[in-house]
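The primary structure of each chain is shown beneath.
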Amino acid sequence: MYTGGYGYFDLILKQFNQPASYFALQNDHWLLTGLDSAYKEWELVNDQVAWLTNLIASAGDRRVVLFSHHQLFSWADKAQTKMQSQLAALLNSKRIFAWYWGHEHRCVIYDEHPAWDILGRCIGHSGYPYFRDKFKEGTVGSMGPQGTSWRTVNPKNMVPGALILEGPNPYIPGHTDEYGPQGYVSLELDGEHLKEIVHLPDSTMIYEKQLI
């Protein structure tokens, strides 16, 4: 999107015969939905809310996982409340199982939200180098591969407690200690089971959890 989104709107969507910048995939157990919160920042424009509401209403007992650019809430940064307002009925119904987002350049694994029972995940620590956080709150676990560790923080301001990935970035020579660790997350779906795995760029696993 830094270059205007031409590759996405003019090439990728057309290749998939996809008429919109949001989409859904489902099987017998899961409904996976990608939302577009960036066309108009922090907002679900066009018919996304009605579209998602109808999808979930027809989803039966499938568990719902959402994906978006912007965060629903944040322990470390400010989060706008527009999407919370737009999706208030769905959030309050507790029909959304998990939500993966980026925007913040860090990796944060949240505890279950106290009101919505949703599992929030910030996974914005991939390709874009970001300055290393200097949090003082919480406790830091043992050091893992490439000097990474997980900081455990408590809830605040109605945002759940979380694990925050921290450490150096060995992929930026001469500036290793200035930038935070990068990586990616994979999801493994096996019937009604879901496992999430956090990897370093070289695919080393540093976190693994069976959510269902």
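Higher on the page you've got the structure.
Residues numbered from 1 in each chain as written. Predicted model: local features only at pLDDT ≥ 70, side-chain atom pairs only at ≥ 80, totals over all residues. Heavy atoms only, no water.

A tally of helices and strands in the protein chain yields 4 helices and 12 strands. For 212 residues, the compact-globule estimate of 2.2 N^0.38 gives 17 Å, and the C-alpha radius of gyration of the protein chain, at 18 Å, lies within 12% of that figure. Based on the C-alpha atoms only, the size of the protein chain along its principal axes is roughly 50 × 40 × 35 Å. With 212 residues in all, the protein chain has 42% of them scored as buried. Long-range contacts, defined as pairs at least 24 residues apart, comprise 53% of the intrachain contacts of the protein chain with a sequence gap of at least 6. Summed over all atoms, the accessible surface of the protein chain reaches about 11500 Å², with 53% contributed by carbon and sulfur. (Helix = DSSP H or I, 4+ residues; strand = E, 2+ residues; numbered from the N terminus. Rg over C-alpha atoms; globule rule 2.2 N^0.38 Å. Buried < 20%, exposed > 50% of the residue type's maximum accessible area, 1.4 Å probe, protein only. Contact = heavy atoms within 4.5 Å. Areas by Shrake-Rupley, 256 points an atom, 1.4 Å probe, with all protein chains shown as cover.)

Across all of its chains, the model carries 12 aromatic pairs by this definition. The interplanar angle of 85° and the centroid separation of 5.2 Å between the aromatic rings of Phe73 and Trp101 together place this pair among those described as edge-to-face. Taken as a pair, Phe73 in the loop between strand E3 (63–68) and helix H3 (82–86) and Trp101 in strand E4 (residues 96–101) lie far apart in primary sequence, 28 residues in all. Assigned by exposure class, Phe73 and Trp101 land together as buried. Site record: aromatic cluster; members linked through ring pairs are Phe73, Trp99, Trp101 and Tyr110. Sitting over the face of the ring of Phe97, Arg63 holds its NZ or CZ atom 5.8 Å from the ring centroid. A cation sits over an aromatic face here: Lys156 above Trp75, 3.9 Å from the ring centre. (Phe/Tyr/Trp six-rings, centres within 6.5 Å; stacked < 30°, edge-to-face > 60°. Lys NZ or Arg CZ within 6 Å of the ring centre and 35° of its normal.)

Turning next to the nonpolar core. In terms of nonpolar packing, the biggest core is built from 28 residues, with Leu72, Phe73, Trp99, Tyr110 and Ile118 touching the most fellow members. Contributions of two or more residues to this core are made by helix H2 (48–57), E3, helix H4 (88–92), E4, strand E5 (107–112) and strand E9 (162–166). The element that contributes the greatest number of residues to this core is E4, accounting for 3 residues. When sequence neighbours within four positions are dropped, the list of residues in contact with Trp99 reads Leu35, Leu66, Phe67, Ser68, His70, Leu72, Met83, Leu87, Ile118, Leu119, Gly120 and Arg121. In terms of nonpolar packing, the next biggest core, distinct from the first, is built from 9 residues, Trp30, Phe97, Ala98 and Leu119 among them. (Core = buried A, V, L, I, M, F, W, Y, C linked by side-chain atoms within 4.5 Å.)

Looking at the secondary structure, you find Leu55 in helix H2. It is 18 Å that separates the C-alpha atoms of Leu55 and Ser37, two residues lying 18 residues apart in sequence. In this structure, Leu55 is in contact with Ala24, Leu31 and Thr33, ignoring residues within four places of it in sequence.

The strand order E10-E11-E12 describes an open sheet built from 3 strands, whose pairing is antiparallel. A single partner strand is all that each edge strand has here, and the edge strands are strand E10 (184–190) and strand E12 (205–210). The mean inter-strand angle of the sheet, taken between neighbouring strand axes irrespective of direction, is 15°. Bridge count for strand E11 (residues 193–199) against E12 is 5 bridges, and the pairing is antiparallel. Within E12, the residue paired with Val198 across the bridge is Tyr207. (Pairing = 2+ DSSP bridges. Axes fitted to C-alpha atoms, helices over the stretch in contact; angles between N-to-C directions.)

This next bit is on the side chain of Arg62. Checked against the element boundaries, Arg62 lands in the loop between H2 and E3. As a buried residue without a salt bridge, Arg62 has its nearest oppositely charged side chain in Asp28, at a separation of 4.7 Å. Apart from residues lying up to four places away in sequence, Arg62 is in contact with Gln26, Asn27, Asp28, His29, Trp30, Leu31 and Arg95. (Lys, Arg positive; Asp, Glu negative; His and termini not counted. Salt bridge = Lys/Arg side-chain N within 4 Å of Asp/Glu carboxyl O.)

Moving on to the pattern of salt bridges. Inspection of every chain in the model, using the stated rule, returns 9 salt bridges. Of the charged contacts in the structure, one is a salt bridge between Lys94 and Asp117, with a shortest N-O distance of 3.5 Å. Here Lys94 is found in the loop between H4 and E4, whereas its partner Asp117 is found in the loop between E5 and strand E6 (119–123), with 23 residues between them in sequence. Its relative accessible area of 29% is what places Asp117 among the partly exposed residues. Asp177 is paired through a salt bridge with Arg132; the nearest N and O atoms lie 3.7 Å apart. Here Asp177 is found in the loop between E9 and E10, whereas its partner Arg132 is found in the loop between E6 and strand E7 (139–140), with 45 residues between them in sequence. According to the relative accessible area criterion, Asp177 is exposed, its value standing at 58%. Several salt bridges share partner residues, and in doing so they unite Asp77, Glu104, Arg106 and Asp133 into one network.

By themselves these figures say nothing about function.
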